[in-house]
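Structural overview
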Amino acid sequence: MVLIATPPVLRVALGIASFAMERDWLYVFITVVVFINLMLAIFVLPSIMHLHANPQLLKLLCPSS
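Note that the structure is predicted; figures quoted are calculated from it, not measured.

**Some remarks on the overall build of the protein chain**
- Across its full length, the protein chain holds 3 helices and 0 strands.
- Listing the helices and strands of the protein chain from first to last along the sequence gives α-α-α.
- Expressed as a percentage of the 65 residues in the protein chain, the buried residues total 12%.
- Summed over all atoms, the accessible surface of the protein chain reaches about 5400 Å², with 76% contributed by carbon and sulfur.

**Side note on the confidence of the model for the protein chain**
- With 85% of its residues at a pLDDT of 70 or more, the protein chain shows a mean pLDDT of 84.
- Within the protein chain, the lowest mean pLDDT, 71, falls on helix H3 (residues 55-61), and the highest, 89, falls on helix H1 (residues 2-21).

**Side note on the environment of Ile16**
- Secondary-structure assignment places Ile16 in helix H1.
- Sequence separation between Ile16 and Val28 is 12 residues, and the spatial gap between their C-alpha atoms is 5.4 Å.
- Among all residues touching Ile16, those that are not within four sequence positions of it are Val28, Thr31, Val32 and Phe35.

**Here we look at a nonpolar patch on the surface**
- Together, Val32, Ile36, Leu40, Phe43, Val44, Leu45 and Ile48 give the surface a local cluster of nonpolar side chains, amounting to about 580 Å² of exposed area.
- For Ile48, the position within the fold is in helix H2 (residues 25-53).
- Among the residues examined, Ile48 registers a relative accessible area of 37% and is labelled partly exposed.

Calculation notes
- Residues numbered from 1 in each chain as written.
- Predicted model: local features only at pLDDT ≥ 70, side-chain atom pairs only at ≥ 80, totals over all residues.
- Heavy atoms only, no water.
- Helix = DSSP H or I, 4+ residues; strand = E, 2+ residues; numbered from the N terminus.
- Buried < 20%, exposed > 50% of the residue type's maximum accessible area, 1.4 Å probe, protein only.
- Areas by Shrake-Rupley, 256 points an atom, 1.4 Å probe, with all protein chains shown as cover.
- pLDDT = per-residue confidence, 0-100.
- Contact = heavy atoms within 4.5 Å.
- Patch = residues over 30% accessible without salt bridge, like charges linked within 9 Å, V, L, I, M, F, W, Y side chains within 5 Å.
- Salt bridge = Lys/Arg side-chain N within 4 Å of Asp/Glu carboxyl O.

Here it is in structure tokens:
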């Protein structure tokens, strides 16, 4: 998974640097939003989906639910 995810992450990170060097702040902002979405999709969403797939772990972490 890491090898598959590396090229898009690297491309977006280099895009941020490139737009910042050109001082094109609108594109820096848009690319940062894309980068944040990419990081959420890679790191946060799988862990959330894992919690919902495992109800025993969800009850252990959130006893009120």
